[in-house]
Amino acid sequence: MEKFVVAVDGPAGSGKSTISKIIAKRYGLTYLDTGAMYRMIALKVLKEGADLERVESIERVLSESKIDIDGEKFFLDGEDVSIDIRSREVTAIVSQVAAVKSVREKLVEMQRKIGQGKRVILDGRDIGTVVFPNADLKIFLVASPEERASRRLKDYESKGQEAEFYSVLEEIKKRDKIDSTRKESPLKKATDAVELDTSGMTIEEVCDEISKMVDSRI
Ligand code: C5P
């Protein structure tokens with residue numbers, strides 16, 4: 001199999017990264033977590049104490065950021081920040097950073113370079129609509145906000161981070177709203193994407209469903 005692009009989009013907590021990693025292993029595809037790239041810029045905004053309300057401040061941070069990716073390891077200015085980018089502080093502001101046009105332009109260009117001509121699976125919010133509109137397979141994962149919040153809560157607990165269901169639910173709803181109403185590349189299902197509601201499904205069941213789609217397109 002030569003070039004093959006799988007685009008996985010959907011809201012926070014819909015299972016995109018867990019599922020994409022499994023499918024990547026199953027089919028020998030390179031996996032790219034595009035959300036982690038936006039999280040790196042958000043982390044640097046926090047570190048620098050940049051003003052979130054001013055686009056120029058975010059753009060300055062962007063121009064001074066060196067991003068390197070090695071599989072599932074993310075390096076910001078040479079430092080491994082793979083764990084730091086998952087903090088709740090980063091999660092709380094990442095959507096605001098990702099709404100900035102120049103941030104998206106730079107990261108989308110990198111994503112295309114990484115994926116071009118390869119066998120890849122990328123997850124994000126705009127992969128099927130903007131980054132790879134000609135992807136071989138587009139999947140749009142959804143689940144109820146409550147189900148997504150309880151999955152996120154489990155994630156936080158497994159990492160020893162304190163969290164409370166309703167605050168996680170609010171965090172998810174807030175991100176959904178910013179991500180789906182922003183002007184630049186809002187979160188939306190591509191017209192040719194297959195929508196899969198993962199509410200009540202196990203990870204195994206979702207992966208089997210997606211594997212059938214991959215098999216039919218190879
Ligand atoms: O996927 P994850 O939840 O880690 O993404 C963090 C944030 O990055 C999202 O809430 C969204 O604001 C932004 N994002 C984006 N486009 C992508 C991937 C993520 O705007 N392709």
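Structural data are supplied above this passage.
Residues numbered from 1 in each chain as written. Predicted model: local features only at pLDDT ≥ 70, side-chain atom pairs only at ≥ 80, totals over all residues. Heavy atoms only, no water.

**With respect to the overall build of the protein**
Summing up its helical and strand segments, the protein has 9 helices and 8 strands in all. On C-alpha atoms alone, the protein measures out to a radius of gyration of 17 Å, which is about the 17 Å that the 2.2 N^0.38 rule sets for 218 residues. Principal axes of the C-alpha set define a box for the protein whose edges measure 50 × 40 × 30 Å. Residues counted as buried form 48% of the 218 residues belonging to the protein. (Helix = DSSP H or I, 4+ residues; strand = E, 2+ residues; numbered from the N terminus. Rg over C-alpha atoms; globule rule 2.2 N^0.38 Å. Buried < 20%, exposed > 50% of the residue type's maximum accessible area, 1.4 Å probe, protein only.)

**Here's the deal with the site of the ligand**
Contacts to the ligand come from 14 residues, most closely from Arg 39, Arg 104, Asp 126, Asp 179 and Arg 182. Taking Arg 39, its side chain carries an N or O atom lying 2.7 Å from an oxygen atom of the ligand. One of the side-chain nitrogen or oxygen atoms of Asp 126 is found 2.8 Å away from a nitrogen atom of the ligand. Against a free-state accessible area of 460 Å², the protein chains account for coverage of 97% of the ligand. Assessed atom by atom at 2 Å from the grid points, the ligand resides in the largest pocket. For the shell around the ligand, the element with the most residues is helix 2 (residues 34-48), which contributes 4 residues. Looking at the shell around the ligand residue by residue, the classes come out as 3 nonpolar, 4 polar and 7 charged. (Near = heavy atom within 4 Å. Polar contact = N/O pair within 3.5 Å; in protein donor to acceptor, adjacent residues only side chain to side chain. Areas by Shrake-Rupley, 256 points an atom, 1.4 Å probe, with all protein chains shown as cover. 1 Å grid on protein atoms, 1.4 Å probe; cavity = no way out; pocket = protein on both sides within 12 Å on 5 of 7 lines; lining within 4 Å. Sits in = over half its atoms within 2 Å of the grid points. Nonpolar A, V, L, I, M, F, W, Y, C, P; charged D, E, K, R; others polar.)

**Quick notes on empty space enclosed by the protein**
One pass over the structure, following the stated rule, counts 1 cavity of 30 Å³ or more. Of the volumes computed, that of the largest cavity is approximately 30 Å³. Taken together, Asp 9, Gly 128, Thr 129, Lys 138, Ile 139, Phe 140, Lys 188, Lys 189, Ala 190 and Ala 193 make up the lining of the largest cavity. Looking at the lining of the largest cavity, the elements that each hand over two or more residues are helix 6 (127-131) and strand 7 (137-142). Element by element, the count of residues in the lining of the largest cavity is highest for strand 7, at 3 residues. (Points joined across faces, edges and corners; volume = space filled by probe spheres on them.)

**Observations concerning the packing of helix 4 (residues 88-98) against helix 8 (residues 165-181)**
Where helix 4 contacts helix 8, the two axes come as close as 8 Å, and the packing angle between them is 30°. Between helix 4 and helix 8, the crossing angle belongs to the class labelled roughly parallel. On the side of helix 4, the interface is formed by Arg 88, Thr 91, Ala 92, Val 94 and Ser 95, while helix 8 contributes Ser 167, Val 168, Glu 171, Lys 174, Arg 175, Ile 178 and Asp 179. Per-class residue counts for the contact of helix 4 with helix 8 are 4 nonpolar, 3 polar and 5 charged. (Axes fitted to C-alpha atoms, helices over the stretch in contact; angles between N-to-C directions. Parallel < 35°, antiparallel > 145°, perpendicular 65-115°, else oblique. Contact = heavy atoms within 4.5 Å.)

**Let's talk about the packing of aromatic side chains**
Under the criterion given, the structure shown has 1 aromatic pair. Taking the centre distance of 5.1 Å and the plane angle of 85° together, the rings of Phe 165 and Tyr 166 count as edge-to-face. Owing to a relative accessible area of 23%, Phe 165 belongs among the partly exposed residues under this scheme. (Phe/Tyr/Trp six-rings, centres within 6.5 Å; stacked < 30°, edge-to-face > 60°.)

**Focus on the pattern of salt bridges**
Taken as a whole and judged by the stated rule, the model has 23 salt bridges. A salt bridge links Lys 66 to Asp 68; its shortest N-O distance comes to 2.6 Å. Since its relative accessible area comes to 30%, Asp 68 is described here as partly exposed. In this structure, Asp 179 and Arg 125 form a salt bridge, with 3.4 Å as the shortest nitrogen-oxygen distance. Placement of the pair is Asp 179 in helix 8 and Arg 125 in the loop between strand 6 (119-124) and helix 6, with a sequence separation of 54 residues. There is no split in this pair, since Asp 179 and Arg 125 are both buried. One salt-bridge network, held together by shared partners, links Arg 26, Glu 204 and Asp 208. (Salt bridge = Lys/Arg side-chain N within 4 Å of Asp/Glu carboxyl O.)

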